[in-house]
Every structure is written in C-alpha cells, then in structure tokens.
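Chain residues, written in single-letter form:
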Amino acid sequence: MPVPFVSTDHIRSLFTEAMSQMYRTEVPQYGTLIELVGQVNAEVLARDQELSERLRRAGELERIDVERHGAIRLGTAEELFTIRRLFAVMGMQSVGYYDLSVAGVPVHSTCFRPVDEAALNVNPFRVFTSLLRLELIEDEDLRAEVAAILAKRRIYTPRAIALIEQHEKASGLTEPEASEFVAEALETFRWHGEATVSAGTYKRLHDTHRLIADVVSFKGPHINHLTPRTLDIDEVQRRMPAHGITPKAVIEGPPRRDCNILLRQTSFKALEEPIAFADAAGAASGTHTARFGEIEQRGVALTAKGRALYDKLLASVRGEVQVGASGAKASDYDSELAERFKALTDNWDELRREGLAFFRYSATPAGIAVRGQLPSDPEALIARGYLRFDPIIYEDFLPVSAAGIFQSNLGTDQQQNYATRSNRSAFEEALGAKVQDELALYAERQAASLDLAMEKLGLCDLTLKTVA
Ligand code: OOG
Ligand code: NI
C-alpha cells in the first residue's frame, strides 16, 4: 500500500500557523498589528464590492487572512544550502536575486515561496532570505573571527535534518512526520536572548555594521519580522499610532493608486530587547535591536517594460527628494511620488494593452454559452464580455524597498557603499540551485490562463497581440 503523504501545501500552512503563533508571543505588537490589519481588510471588502469580487475570482480571497511574509539573515553558504532543502519540504522555491550591497547592506538575498497558482492560493507564505557577504568585511582579522564563529554553530536540529533527508528520499512526509518537522524547523527561527559571543566581540561586530552583529552573535537566524497583507496600507499606517505602534515615515514602493501595482510596504521600528553575553566572567548583559513589524499591500505584477518604467520613475523621485532620518520631507516625497507616477497609466485595460502588467485571462459564462460561434480576435472577445482579464498579483520583493526596510531598522546613520557589487553566481553556488526568474513565472501563468480560456471558448491557437 502506498504511504499516505501529506501535501507540501499542508506542511506550509502548518508551518505558517506555528510561526505566527510563536511570533505573537515573542513580539506582542505583532498580534496588535494582525488585529488592526484584519479590521481594515474587513472594512475594505465590505465597501469595495468590485475588489472583493475580483479577489474571489482570482481565488485570492481565502489567502488574505493567512498571508504572511517573513525574513531571516543567514551567515554561511552551508546554512543557505540547507535552508533551500528545508523550504522545499513546504513547497517553497528560490525566486529572484536581490543585491542589497548597493544600498550599503552587506548581504544578497532571494525569496523562498510557492510558485504555482494553486499553491499560492492555498498559502503564499514567503521568506525573504539574506546571506551575509563575508568578503565585504574589510578588516581581515574580524573577517576571520566571524568565519570561525559561524563555522561552529549548527542552526538546524539533527531531527530537522533527518526529516529533510526523509522527505528527499521518499518524496514526501506522512502526517506525523510533517508535524514533527514543523516543530523541529521552528527551532531554527526562534529568538535566543543569549548571545554566543562576548560583550567585547558583540561591540566590535556592531561597530562594523549592526547587521553583522545580528547575523553572527546568536545561535540561529531568528525570524526578524512577519508581515500580514493589507488591502489598504495608508489606512493601517494612519491608525497605527492609536494602537501604540509608530510606523516609519514613508511607505516604500509606488504611490497609492486605483490600479495597485507591485508592492507597497511600511514597517515599525525594531524593538530593543535584553540579551545576555557569553563572557567568561558571566553576567554581562546588554540590548539588541533586530525584530520589527511590517505591513504590505500587493498589486499587479509588472512586465519587464512596466518594471523599467517603475524603476525610472522611482529613481527620479528619489533623486529629487531625500527623506531625512527623522522623517523630514516625507510629505514632499509622497506628493512628488504621486505626481511623477501619473506617467504610468492608472487604468487596467491600458496597463494590459500597453504590455505593462501581467493578467490572468478567463472565459466568462456568457462566452462559454455561445462557444463555437465567437469572433477569433481576442480584443473583440474582451470588448463583448466573453473574455475577462484580472491582475496577476506580484508575489516578490523590490530591492530599493527592501533596502529601505533594512535601513529603517538598522539606523540610517550606517549607510555605507561597498565597492564589490552583485554576485549572483556565488549566491547560486552557495544555494546549490539556480534562482528562478520571477518575470518568466508571471509570463507563464498569463500564457497558460489565456490558452485555457481560449480552449473553453472553443478557440485554440490564438494569442493576444498585445501580450508581452
Ligand atoms: C529583510 C528586509 C527586507 C522586505 O519586505 O522587503 C524585507 C531583513 O531586514 O532581513 O523584509
Ligand atoms: Ni519584509
């Protein structure tokens, strides 16, 4: 008899729930944020029937309440290699390469997430995963010391490793193995108040870069935030202070629009938490700031053409207005952003026809009813209401925004520029796999949706001229 394996989607859902529970007890403000986001989302859905209907059609309505992304920072190539195998147990793969060194953060990163539409709709849990770039530490002695400290730690439990191997060997886990796996994997992401280094070493790491102290001083890569998805980020940002939460000065990403694009994010500052150092004399203590909260609002995925326009407009705003560390010029920034983004159409059909964004096509009941007697031109099908298009949600991250999130939690006084830049091949070598191209994934989903819709309308072998 075949062994009854549970699905990777199920394991991912168990894990997300366990992480959320853990983070709620570790960082109480996270619980407050989840409640606030839930409240605002319910209000938006009640008032915006069109949005609510669109989310329902796309299968997204169910995922909103469970949707989270988190982030971890790893120290070594081996840690990254194993995290890829750990996330694979939950159906998550590495998508996208982000070079943060350009923003003065000595890491490069990827996102682990599910890739196919059905899996995304069950639970799109993503983890922004960064790897420290040791070669960016200039002081040779310190670099050697960091390497030695990291070489000694084991961030995965032996049982977690055994279950990962079991999953690889058998191509699945049974229900009891899955629950055990979730409990064991959780250990890797847990916060440890006891540093593995002395107060003196911590200070030297911290003085070099706060991020280096965070990656190197602890037993494992504690999850540093878990982010719920909101349907109205401006409203949640506005209400945060009344709930005792202070958000950063500006929302990262595109401005507020009717047709939301890509990703908008805002975070609240990292908490100052007590830690104990591993001094021989004992009893040395201090504080560490690493863990924070964030919210996000997601919009349509842009094509290469749309993304190039987004990058250009954003760069022009940032070249014009620099927001100070204390939030000075935040409102100038917001109005400049809104003004310049008028150059990117705020109309779904124009975004589609100009090949700026990705859409999911579907045959309408009216179209299916007259199957076989339809015009062959897809634009005519759309005009007559036989073919529908809905935005494909952006499931990934934005490097400029991610740098802003990092910096708001590391202290803006620490900006540094590194001479060495992007090193994707070194990242992939450490990972033990290629990172997938996010644009190719969206393009595939769009094309597959169109094929299926055409088949349902009895029209095969047609493609939309305007599809990018
Ligand atoms: C990750 C920061 C980036 C996002 O949502 O863009 C990020 C980190 O601080 O480790 O989470
Ligand atoms: Ni984040």
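Our subject is the structure that appears above.
The following paragraphs examine the structure supplied in this document.

Cut-off values and rules
Residues numbered from 1 in each chain as written. Chains lettered and ligands numbered in written order. Predicted model: local features only at pLDDT ≥ 70, side-chain atom pairs only at ≥ 80, totals over all residues. Heavy atoms only, no water. Helix = DSSP H or I, 4+ residues; strand = E, 2+ residues; numbered from the N terminus. Rg over C-alpha atoms; globule rule 2.2 N^0.38 Å. Buried < 20%, exposed > 50% of the residue type's maximum accessible area, 1.4 Å probe, protein only. Contact = heavy atoms within 4.5 Å. Lys, Arg positive; Asp, Glu negative; His and termini not counted. Charge placed at Lys NZ, Arg CZ, Asp CG, Glu CD. Donors = N, O, S within 2.8 Å, 3.2 Å for Na, K, Ca; no water. Expected span 1.5 Å × (residues − 1). Patch = residues over 30% accessible without salt bridge, like charges linked within 9 Å, V, L, I, M, F, W, Y side chains within 5 Å. Areas by Shrake-Rupley, 256 points an atom, 1.4 Å probe, with all protein chains shown as cover. Salt bridge = Lys/Arg side-chain N within 4 Å of Asp/Glu carboxyl O. Pairing = 2+ DSSP bridges. Axes fitted to C-alpha atoms, helices over the stretch in contact; angles between N-to-C directions.

Turning our attention to the overall build of the chain. Looking only at helices and strands, the chain has 19 helices and eleven strands in total. Over its C-alpha trace the chain gives a radius of gyration of 23 Å, about what one expects of a compact globule, namely 23 Å for 468 residues. Its C-alpha atoms put the chain at 85 × 65 × 40 Å along the principal axes. A burial count over the chain gives 56% of its 468 residues as buried. Considering only contacts within the chain whose residues lie at least 6 apart along the sequence, 76% involve residues at least 24 apart. For the chain, the distance from the average position of its 54 positive side-chain charges to the average position of its 67 negative side-chain charges is 2 Å.

So, about the coordination of the nickel ion (ligand 2). Within the first shell, the nickel ion (ligand 2) binds the protein through H69 (NE2), H225 (NE2) and E294 (OE), at distances of 2.0 to 2.1 Å. Ordering the donors of the nickel ion (ligand 2) by residue number gives the pattern H-x155-H-x68-E. With H69 in strand β1 (residues 68–74) and H225 in strand β5 (residues 225–228), this residue pair connects regions lying 156 residues apart in the sequence. H225 carries the same exposure label as H69, and that label is buried.

The next thing to look at is helix α1 (residues 8–26). Here α1 spans 27 Å end to end across 19 residues, near enough to the 27 Å set by a 1.5 Å rise per residue. Every buried residue of α1 is accounted for by D9, I11, R12, F15, T16, A18, M19, S20, M22, Y23 and E26.

Another aspect to go through is a negative patch on the surface. On the surface, a cluster of negative charge is contributed by E138, D139, E140 and D141. With respect to the helices and strands, the residue D141 is situated in helix α6 (residues 140–152). Judged by relative accessible area, which is 64%, D141 ranks as exposed.

Among the six residues of strand β6 (residues 263–268), six are classified as buried, and the element is accordingly described as predominantly covered. Alternating positions in β6 separate into two faces, L263, Q265 and S267 on one and R264, T266 and F268 on the other, with burial throughout. Judged from the six bridges that link them, β6 and strand β9 (residues 293–298) form a sheet pairing that is antiparallel. By the bridge assignment, S267 is partnered in β9 with E294.

We now examine the sheet that holds strand β2 (residues 93–99). Strand order in the open sheet formed by five strands is β2-β3-β4-β1-β5, and the pairing between neighbours is mixed. The open sheet has two edge strands with one neighbour each: β2 and β5. Strand-to-strand, the axes of this sheet are offset by a mean angle of 20°, without reference to chain direction. Taken together, the six bridges between β1 and strand β4 (residues 126–132) define a ladder with parallel strand orientation. By the bridge assignment for β4, H69 is matched with R126.

Note that every value here comes from positions in space, so none of it alone points to a role or purpose.
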